[in-house]
Amino acid sequence: QLEIAESGGGSVQIGGSLRLSCKFSGRRTNYYAIGWFRQAPGKEREGVSSVSPHGIAKYIDSVKDRFTISRDNAADTVSLLMDNLQPEDTGVYTCAALYMHNPNYYNNYDVWNAAFYEYWGQGTQVTVSS
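Residues numbered from 1 in each chain as written. Predicted model: local features only at pLDDT ≥ 70, side-chain atom pairs only at ≥ 80, totals over all residues. Heavy atoms only, no water.

Student: Would you mind showing me how to read the sheet that holds strand E8 (residues 77-82) here?
Tutor: The pairing of strands in a sheet happens through backbone hydrogen bonds and is either parallel or antiparallel. Pairing is antiparallel across the open sheet formed by 4 strands, whose spatial order is E1-E3-E8-E7. Either end of the sheet is taken by a strand with one partner, and the two such strands are strand E1 (3-7) and strand E7 (67-72). Here the strands of the sheet are splayed against their neighbours by 15° on average, with no regard to which way each runs. (Pairing = 2+ DSSP bridges. Helix = DSSP H or I, 4+ residues; strand = E, 2+ residues; numbered from the N terminus. Axes fitted to C-alpha atoms, helices over the stretch in contact; angles between N-to-C directions.)

Printed below as a string of structure tokens:
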């Protein structure tokens, strides 16, 4: 069983920054892609960013050039640095893990499909206001 603990959420003003972190325990994550999903009030959950076991990062268009995902496999942590935050970034952010039999085929996975993720954290609130 892989356990996930998120931290780093909070409230910021427009243009501010936050760093979210996931800490994993229970098993090593070197065969897991990690995704960050968010859900705004009244909206469906959406994938925001993903990182492969080897560190290949993906972002949705609305956060490119503002968000940076990184991972430290030795420390079993993944971070999401969010800069220039906007009100539309408000939501509950959740970290999730997707097992990959072969990490070299990361680009073949639909990392935005939440159904492929086996383990989920509890989520952390991010609120951006003027």
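Once you've had a look at it, read on.
Student: I keep staring at the packing of aromatic side chains and nothing clicks. Help me out?
Tutor: Here a ring pair, both rings aromatic, is described through the centre-centre distance and the interplanar angle of the planes. Here the structure, examined in full by the defined rule, presents 6 aromatic pairs. Ring centres of Phe-37 and Tyr-117 lie 5.0 Å apart, and the angle between their planes is 85°; this geometry places the pair in the edge-to-face category. Placement of Phe-37 in strand E4 (residues 32-39) and of Tyr-117 in the loop between strand E9 (91-99) and strand E10 (119-120) is noted, with a sequence separation of 80 residues between them. Take Phe-37 and Tyr-117: they sit in the same class, and that class is buried. Put simply, the rings of Tyr-31, Tyr-32, Tyr-99 and Tyr-119 pair up and form one aromatic cluster. Positioned above the aromatic ring of Trp-120 is the side chain of Arg-45, whose terminal nitrogen or guanidinium carbon lies 4.3 Å from the ring centre. Over the ring of Tyr-106 we find Lys-58; its NZ or CZ atom is 4.7 Å from the centre of that ring. (Phe/Tyr/Trp six-rings, centres within 6.5 Å; stacked < 30°, edge-to-face > 60°. Buried < 20%, exposed > 50% of the residue type's maximum accessible area, 1.4 Å probe, protein only. Lys NZ or Arg CZ within 6 Å of the ring centre and 35° of its normal.)

Student: What exactly am I supposed to notice about the environment of Gly-47 here?
Tutor: Relative to the elements of secondary structure, Gly-47 occurs in strand E5 (residues 46-51). Judged by its relative accessible area of 6%, Gly-47 falls in the buried class.

Student: When you look at the state of the cysteines in this model, what are you seeing that I'm missing?
Tutor: Linking two cysteines covalently through their sulfur atoms gives a disulfide. Applying the stated criterion across every chain yields a total of 1 disulfide. Between Cys-22 and Cys-95 runs a disulfide, and the two sulfur atoms are separated by 2.0 Å. Here Cys-22, found in strand E3 (residues 18-25), pairs with Cys-95, found in strand E9; they are 73 residues apart in sequence, far enough to count as distant. (Disulfide = S-S within 2.5 Å.)

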